[in-house]
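Summary of structural features
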Amino acid sequence: MLLPLLLPLAPLFLRPPGAGGAQTPNATSEGCQIIHPPWEGGIRYRGLTRDQVKAINFLPVDYEIEYVCRGEREVVGPKVRKCLANGSWTDMDTPSRCVNRTPHSERRAVYIGALFPMSGGWPGGQACQPAVEMALEDVNSRRDILPDYELKLIHHDSKCDPGQATKYLYELLYNDPIKIILMPGCSSVSTLVAEAARMWNLIVLSYGSSSPALSNRQRFPTFFRTHPSATLHNPTRVKLFEKWGWRKIATIQQTTEVFTSTLDDLEERVKEAGIEITFRQSFFSDPAVPVKNLKRQDARIIVGLFYETEARKVFCEVYKERLFGKKYVWFLIGWYADNWFKTYDPSINCTVDEMTEAVEGHITTEIVMLNPANTRSISNMTSQEFVEKLTKRLKRHPEETGGFQEAPLAYDAIWALALALNKTSGGGGRSGVRLEDFNYNNQTITDQIYRAMNSSSFEGVSGHVVFDASGARMAWTLIEQLQGGSYKKIGYYDSTKDDLSWSKTDKWIGGAPPADQTLVIKTFRFMSQKLFISVSVLSSLGIVLAVVCLSFNIYNSHVRYIQNSQPNLNNLTAVGCSLALAAVFPLGLDGYHIGRSQFPFVCQARLWLLGLGFSLGYGSMFTKIWWVHTVFTKKEEKKEWRKTLEPWKLYATVGLLVGMDVVTLAIWQIVDPLHRTIETFAKEEPKEDIDVSILPQLEHCSSRKMNTWLGIFYGYKGLLLLLGIFLAYETKSVSTEKINDHRAVGMAIYNVAVLCLITAPVTMILSSQQDAAFAFASLAIVFSSYITLVVLFVPKSLTVGAPPPHAANLRPQMRRLITRGEWQSEAQDTMKTGSSTNNNEEEKSRLLEKENRELEKIIAEKEERVSELRHQLRSRQQLRPRRHPPTPPDPSGGLPRGPHEPPDRLSCDGSRVHLLYK
């Protein structure tokens, strides 16, 4: 092997850096075998002499050889071949040969009709037209491509306007010479031209059209483009969204077909990736309202699709709405001029500094239009050499020239056309068709050009040129970011391989990529623990008080005074108050104390404790008032009802009220159980971080038909409260020993009814304010329970616990015993009559009138008894004359006396009946 001999000579034949790429031979190969020159030409080995070439058999990887011909001959085929890592040379399937030069005067002209947008939405013709002219010069100077033909250009300025383009299209078609192909620029113009061109059997090759709609082969059957479809941006955008973790984006577009179809494609792609387009805006000429809408909807990641002139309008509004900075990221199209935001535009009222501030940090996705690898193209130029040569031809700075970035695509479009025509004509006119025979009715030549164009594959200054089935160019995507007023490359993306090459040079105003939306922190509004503990202590003391009262009532159940107050009903009242007070604890439990799974049980506990507590506590008191009203408002003929009060009827009434609650609550729990629901409030912006908002939430116990159940529950409870108030008022003057505490019960009913009727609607209104709602509900329960227990039980304890009556009180007690047939204590008498030392005169008058009525009734009974006795006496007197002689009448005028009767013993005159005053 002679490879060691090459090592000292490597500096001689290896190309300089930048000219041939990597310079290290492949470790798996010795290089490429030397190609022997053809008979009519030769091969130039750069850096090697003829003797050195004869001494070796292999050349290293990336070494380039050049074909040359002797005399007036030209090389047809590749002029330069490069050694590949697999041991072969480039373009080995295309032979190189030498042909005689054809004088220009003998070459036949082939005409190209082009439309260059020199102004308008995309003034790409400013750089693309010089690039096309440069490509025509290079192609026409080659003798291996179309040696018998010369390509010539006829062009017009379309101004990126379909109407203007229509005029020039018909001028191209109806004026000689015949054009073999049409080359439009803007997508809107290309759409018009490509749709009409098939009627003239013309191939359309565009250098600057990116509309996805142009990929429709049924609508545009003869359309090709070296500019990739705008949809090629979308996989890159989706890749970047995923890289930075964005799941919500917004879009704003100009209402043209190219941007609408691009956005439709983007919407499908982001949906597949699990990303949501939350807000989509469009405009025709004035973007002010759509930009305001983006601000109002809190859009953060915004994709903008519009032409350069409209971009300046959009970002002037962006500056006014402050829709830029560390919270926002804009994605734009990368084919604007580099200083597009600094260009003077009379249609906007923003300064250059304002525009520069508004666009800072935005990201562009741009089709790779210039080969990043500095390798030689089919025109024997590298991409850098092309840029330098084009820059010299331009009349102004490249950054101020529209279409400078697309210029490589226009240059390669001419080469794609030339290679296709060369293949169609047979490479030199000796085989194939004659291009000069083409006319608008010759579909055969059009079909051959179409097939040749469809199979194009070559290395251009824009990269590898190949067309897909829809006629669109396949290419990489360049990702750039505007940093400090100039664009910086931050990565490349190959969508065919899903390969993202990242340079890690991206910079962010806030130091890191922003969030795709305001970071919302969900926080629950929990109850004040101080309030909960305070009310819980009061409730606990109330339960202790209820137990004490219950114990007292049971212990003293043998006392006559306690017996006459229906102690079992009072016991139920104490139990009901205890249950109601116990409901305060689950009423104050929320997510601070319990988990989500325990919340339904707490909700049911609240409902059952409150329902049963109310039914037992209030129901027992209501039963007393109900029966007092029922018994003591009967008519005179039913007065016997007053003498008997059956306890089982009282217990049955309470049982009925409790049973109604149990049935209602059971049906509610089975059919529509309570569960945990979340109430969400308006977002709150904290002062310390503008990119974070707090979303307050509040837990509630609710069900699907909550309002219906509350209506049923509150409905009959409310009626019960109102009826209780009415009965308490009606029986306020009734005095009975069977239920001797009914006036105290009435006071308790007033208290419970007023508190419940006020608290229920207030708590419903304040349901969104957890502390206020809990305070109203719990304190109403506590106060009503306390007042009920105090009013019902404290007077009894004072009475039962009082010392024995003194001798001075013995006479009134005996009087009650004689007149009423039972013993009562002085305290009981005070409670029964309602009299006290502090009663006013009106109350005393009422009691005296009541006693007077009772005395009148007693007198009437006595008179009736006297009448009966007189009747019996007359009967005896009628029988006495038959047995004894008549007895002289009594001188006093009374009834005759018997022989052995003492005087005045049987005198029963009503005026002499002794009545005892109570």
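Scope of this entry: the structure provided in the associated data block. Predicted model only: the values in this text are computed from it and were never measured. (Residues numbered from 1 in each chain as written. Predicted model: local features only at pLDDT ≥ 70, side-chain atom pairs only at ≥ 80, totals over all residues. Heavy atoms only, no water.)

**Considering the pattern of salt bridges**
Applying the stated criterion to the full structure yields 25 salt bridges. Here Lys-717 ties to Asp-661 by a salt bridge, and the two come within 2.4 Å at their closest N and O atoms. Taken as a pair, Lys-717 in helix α21 (residues 706-730) and Asp-661 in helix α20 (residues 647-671) lie far apart in primary sequence, 56 residues in all. Both residues of the pair, Lys-717 and Asp-661, count as buried. Residue Arg-704 is joined to Asp-672 by a salt bridge in which the shortest nitrogen-to-oxygen separation is 3.8 Å. Of this pair, Arg-704 sits in the loop between β25 (692-702) and α21 while Asp-672 sits in the loop between α20 and β24 (675-680), and the two are 32 residues apart along the sequence. You can call Arg-704 exposed: its relative accessible area is 62%. (Salt bridge = Lys/Arg side-chain N within 4 Å of Asp/Glu carboxyl O. Helix = DSSP H or I, 4+ residues; strand = E, 2+ residues; numbered from the N terminus. Buried < 20%, exposed > 50% of the residue type's maximum accessible area, 1.4 Å probe, protein only.)

**Observations regarding the side chain of Arg-473**
The residue Arg-473 is located in the loop between β19 (463-466) and β20 (477-483) in this model. Lacking a salt bridge, the buried Arg-473 has Asp-412 as its closest oppositely charged neighbour, with an N-O distance of 4.8 Å. Within the local environment of Arg-473, its side chain forms a polar contact with the side chain of Ser-462, the two groups lying 3.0 Å apart. A distance of 3.2 Å separates the side chain of Arg-473 from the backbone oxygen of His-464, its partner in a polar contact. (Lys, Arg positive; Asp, Glu negative; His and termini not counted. Polar contact = N/O pair within 3.5 Å; in protein donor to acceptor, adjacent residues only side chain to side chain.)

**Digging into the sheet that holds β24**
Strand order in the open sheet formed by three strands is β23-β25-β24, with mixed pairing between adjacent strands. Looking at strand neighbours, the two that pair on one side only are β23 (519-524) and β24, the edges of this open sheet. When the angles between neighbouring strand axes are averaged without regard to direction, this sheet yields 35°. Note that β24 and β25 share six bridges and pair antiparallel. Pairing of Thr-677 across the sheet is with His-700, part of β25. (Pairing = 2+ DSSP bridges. Axes fitted to C-alpha atoms, helices over the stretch in contact; angles between N-to-C directions.)

**Remarks on empty space enclosed by the protein**
Taken as a whole and assessed by the stated rule, the structure comprises nine cavities of 30 Å³ or more. When its volume is computed, the largest cavity comes out at roughly 100 Å³. Lining the largest cavity, in full, are Trp-122, Cys-186, Ser-187, Gly-208, Ser-210, His-227, Val-258, Phe-259, Tyr-307, Trp-335 and Glu-406. Residue composition of the lining of the largest cavity, by class: six nonpolar, four polar and one charged. (1 Å grid on protein atoms, 1.4 Å probe; cavity = no way out; pocket = protein on both sides within 12 Å on 5 of 7 lines; lining within 4 Å. Points joined across faces, edges and corners; volume = space filled by probe spheres on them. Nonpolar A, V, L, I, M, F, W, Y, C, P; charged D, E, K, R; others polar.)

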